[in-house]
Amino acid sequence: AVVSTQSTGGTVVLWVYWPSFNAASLYDDTHIQGRVIGNTYLSIMASCVTAFATSALIHRGKFEMIEIQNGTLAGGVIIGTISPFLIDPWAPVLIGAIGGVISTFGYGLLHPYLEDCGILDSAGVQMLHGIPGILGGLFAALATLADNTNYMFSYNTTWTNTTDVDRDRGQQFGYHLGAILVSLGIAVVSGLITGVLVRLPICPTIEKEDMLIDHDFWVIHDKNHDPRLKKDKKSNIYANQMAEAKA
């Protein structure tokens with residue numbers, strides 16, 4: 001309960017300051033920064049509402065803390081690419097609402113399934129950043145087809161000189177999709193490389209049920225909270241040390 005409360009405090013801080021994350025790169029254009037902040041707040045407020053509603057739907061009237069901690073922030077992620085665009089207020093509200101629903105359903109339904117398949121995501125990268133990020137890129141790509149101002153801004157930014165570039169909306173739509181595919185490619189390749197490296201014999205192996213326990217690698221002052229002691233497991237480093245000390 002204490003850990004969940006502390007984590008929720010971090011969620012509140014992120015929720016308040018997330019618009020500044022999206023607007024930080026536009027430091028030399030305060031007009032567009034204001035638009036980014038407004039769109040982000042509209043989106044993140046919508047995701048906050050839908051995250052609570054979706055969590056209550058999944059758990060029959062109750063809320064799951066990890067779903068709330070992450071689903072409420074999904075609006076800030078999914079609006080990131082499109083936040084500088086000149087769009088009506090209903091658009092960021094709708095986009096943020098979709099982000100809250102997708103992220104919360106992902107944690108409530110997809111996350112347990114992935115864990116059963118042996119895929120662990122302790123930081124919630126997939127449900128908070130991965131899926132909402134891809135959807136945000138797709139929404140931005142669609143926005144380039146809807147308005148000339150949006151498609152022009154999407155590549156003629158304040159920090160890149162592209163005055164000689166001449167693209168129509170269809171071409172810029174393709175560039176958006178290409179950027180999404182490149183990002184996915186980098187993620188897949190780097191993930192595979194990391195997976196190969198951690199499977200090398202020089203890396204210690206950890207049982208699946210012990211992957212989120214820190215006692216073998218960090219100094220934990222309250223050692224009695226090691227959940228493995230309650231199971232009387234003797235196959236881990238910490239349990240063996242405790243047994244030797246008692247002997």
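Computed from a predicted model, the values in this text were never measured in an experiment. (Residues numbered from 1 in each chain as written. Predicted model: local features only at pLDDT ≥ 70, side-chain atom pairs only at ≥ 80, totals over all residues. Heavy atoms only, no water.)

Attention now moves to the overall build of the protein. Check the secondary structure of the protein and you find ten helices and zero strands. Helices and strands appear in the protein in the N-to-C order α-α-α-α-α-α-α-α-α-α. By the burial criterion, 34% of the 247 residues in the protein qualify as buried. Considering only residue pairs separated by 6 or more positions, the protein has 63% of its internal contacts joining residues 24 or more positions apart. Carbon and sulfur atoms provide 65% of the accessible area of the protein, an area that totals close to 15000 Å². (Helix = DSSP H or I, 4+ residues; strand = E, 2+ residues; numbered from the N terminus. Buried < 20%, exposed > 50% of the residue type's maximum accessible area, 1.4 Å probe, protein only. Contact = heavy atoms within 4.5 Å. Areas by Shrake-Rupley, 256 points an atom, 1.4 Å probe, with all protein chains shown as cover.)

For the rest of this paragraph, the subject is the environment of glycine 174. Note on placement: glycine 174 falls in helix α8 (residues 169-198). Overall, glycine 174 belongs to the partly exposed group, its relative accessible area being 35%. C-alpha separation for the pair glycine 174 and threonine 144, spaced 30 residues apart in sequence, amounts to 9.8 Å.

The subject of this paragraph is helix α5 (residues 90-116). Taking 1.5 Å of rise per residue, 27 residues should cover 39 Å, and α5 covers 38 Å from first to last C-alpha, within 8% of that figure. At tyrosine 107, α5 is bent by approximately 45°, the largest bend along its length. Glycine 118 sits one or two positions beyond α5 and adopts a positive phi of about 90°. (Expected span 1.5 Å × (residues − 1). Bend = angle between axes of the 7 residues up to and from the residue.)

When pLDDT is averaged along the protein, the result is 81, and 79% of the positions lie at 70 or above. Mean pLDDT in the protein bottoms out at helix α10 (residues 237-246), which sits at 52, and peaks at helix α4 (residues 74-78), which reaches 93. (pLDDT = per-residue confidence, 0-100.)

Here the focus is the environment of alanine 46. Looking at where alanine 46 falls in the secondary structure, it is placed in helix α2 (residues 30-58). On the basis of relative accessibility, which here comes to 10%, the residue alanine 46 falls in the buried class. Note: C-alpha distance between alanine 46 and isoleucine 98 (52 residues apart in sequence) is 8.5 Å. Those residues in contact with alanine 46 that sit more than four places away from it in its chain are Val93, Gly96 and Ala97.

Although it is not a glycine, arginine 60 sits at a positive phi angle of roughly 55°. Topologically, arginine 60 is positioned in the loop between α2 and α3 (65-71). Given the relative accessible area of 80%, arginine 60 is considered exposed.

Turning next to the environment of threonine 8. For threonine 8, the location among the structural elements is in helix α1 (residues 2-23). As a C-alpha pair, threonine 8 and asparagine 70 span 62 residues in sequence and 9.5 Å in three-dimensional space. Among residues more than four places away in sequence, those in contact with threonine 8 are Met65 and Gln69.

Below, the discussion takes up the packing of aromatic side chains. For the structure on display, the rule yields three aromatic pairs. Between tryptophan 15 and tyrosine 41 the ring centres are 6.0 Å apart and the planes differ by 50°, which places this aromatic pair in the tilted class. Of this pair, tryptophan 15 sits in helix α1 while tyrosine 41 sits in helix α2; the two residues are 26 residues apart in sequence, bridging distant segments of the chain. (Phe/Tyr/Trp six-rings, centres within 6.5 Å; stacked < 30°, edge-to-face > 60°.)

Each α-helix turn comprises 3.6 residues. Residues three or four places apart therefore point the same way. Across its 30 residues, α8 extends 44 Å between first and last C-alpha, which sits within 8% of the 44 Å expected from 1.5 Å per residue. Residues of α8 that are buried include every one of Gln172, His176 and Ile180, and no others.

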